[in-house]
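The chain contents come next:
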Amino acid sequence: KVFAPIYGSGPGREQLETWGHGYVALWNAGDKPAWVQNWKDVAPNGFRMFDPVGTPEKRGFEEAASKAYDLFQPAIHYVVPEATKFICGSEVAWVMENHFRVDGQTILLRSIENFRFDPDGSVSIRTFYDVPKPDSPLGRLFQVDLPGLG
């Protein structure tokens, strides 16, 4: 079921529950068109992201989400434990377990992620995690997205 954004108040709890489930399930399934549509259903008008906080802001869906999908999706399986997911008003926060597959091994990196969905149909995202060291297997992957950091 697709939910249209409710302008004037931001997406409601049911929409955000649906979006959150789709965010993880569609990513893990590798279904980029459905993953993109899942985003557009709740945030059709603007995209801002600090990933992680302390790095330069990314603006626009392509820069903030689509490029990251293309780079990271083949290497990451997402898990959001239900006990770590919170929906308060039009904001969602969770602890994401990012299970990376790099050089034949699985590396777990946890992130805290906050999504604020605004009444104008935009979203602001702030993530928190330690950027891996550049010379580590995981760090080499991150250098494509965050050159010079780690």
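(A) Representation of the overall build of the protein within the structure. For the protein, the count of helices and strands is four helices and seven strands. Walking the protein from its N terminus toward its C terminus, one meets helices and strands in the order α-α-β-β-α-β-β-β-β-β-α. A buried classification covers 46% of the 150 residues belonging to the protein. Pairs at least 24 apart in sequence give 51% of the contacts found in the protein among residues at least 6 apart. Accessible surface for the protein amounts to roughly 7600 Å². Of this, 56% is attributable to carbon and sulfur atoms.

(B) Focus on the packing of aromatic side chains. If you walk through the whole model with that rule in mind, you get 22 aromatic pairs. Both rings, one in W19 and one in F117, keep their centres 5.1 Å apart while their planes meet at 75°; by these two values the pair is edge-to-face. In this pair, W19 sits in helix α1 (residues 13-29) while F117 sits in strand β6 (residues 105-117), placing the two residues 98 residues apart along the sequence. Of the residues examined, W19 reaches a relative accessible area of 1% and is grouped as buried. Of the residues examined, F117 reaches a relative accessible area of 0% and is grouped as buried. Their ring planes at 10° and their centres at 5.7 Å tell us that Y23 and Y78 sit as a pair that is stacked.

(C) Geometry of unusual backbone geometry. D51 connects to P52 through a cis peptide bond whose omega is -5°. In this structure, D103 is a non-glycine residue whose phi angle is positive, near 50°. Checked against the element boundaries, D103 lands in the loop between β5 (91-102) and β6.

(D) View of the pattern of salt bridges. Inspection of the entire model under this criterion finds eight salt bridges. Taken together, the shared-partner salt bridges in this structure form one network comprising R13, E17, E82 and K85.

(E) Inspection of the nonpolar core at higher detail. Counting residues in each nonpolar core, the largest one holds 38 residues, and the members touching the most others are W19, Y23, W35, W39, F100, F115 and F117. If one sorts the elements of this core by residue count, helix α3 (residues 61-72) sits on top with six residues. For F115, the residues in contact, after removing those within four places along its chain, are W19, W39, S90, E91, V92, W94, V123, S124 and I125.

(F) Geometry of helix α2 (residues 32-42). The complete set of buried residues in α2 reads W35, V36, N38, W39, D41 and V42. Contacts made by the buried residues of α2 are with α1, β1 (46-50), α3, β6 and β7 (122-128). The N-capping residue of α2, defined by a side-chain oxygen 3.2 Å from the backbone nitrogen of A34, is D31.

(G) How the structure looks around the pairing of β1. Residue alternation in β1 divides its side chains into a buried set, F47 and M49, and an unburied set, G46, R48 and F50. In terms of strand pairing, β1 meets strand β2 (residues 58-59) through two bridges, oriented antiparallel. Paired with R48 across the two strands is R59, which belongs to β2.

(H) Representation of the environment of L71 within the structure. Summarising the element assignment, L71 is placed in helix α3. The partly exposed category is assigned to L71, whose relative accessible area is 23%. A C-alpha to C-alpha distance of 9.2 Å links L71 and F142, two positions 71 residues apart in sequence.

Rules used in this analysis
Residues numbered from 1 in each chain as written. Predicted model: local features only at pLDDT ≥ 70, side-chain atom pairs only at ≥ 80, totals over all residues. Heavy atoms only, no water. Helix = DSSP H or I, 4+ residues; strand = E, 2+ residues; numbered from the N terminus. Buried < 20%, exposed > 50% of the residue type's maximum accessible area, 1.4 Å probe, protein only. Contact = heavy atoms within 4.5 Å. Areas by Shrake-Rupley, 256 points an atom, 1.4 Å probe, with all protein chains shown as cover. Phe/Tyr/Trp six-rings, centres within 6.5 Å; stacked < 30°, edge-to-face > 60°. Salt bridge = Lys/Arg side-chain N within 4 Å of Asp/Glu carboxyl O. Core = buried A, V, L, I, M, F, W, Y, C linked by side-chain atoms within 4.5 Å. Polar contact = N/O pair within 3.5 Å; in protein donor to acceptor, adjacent residues only side chain to side chain. Pairing = 2+ DSSP bridges.

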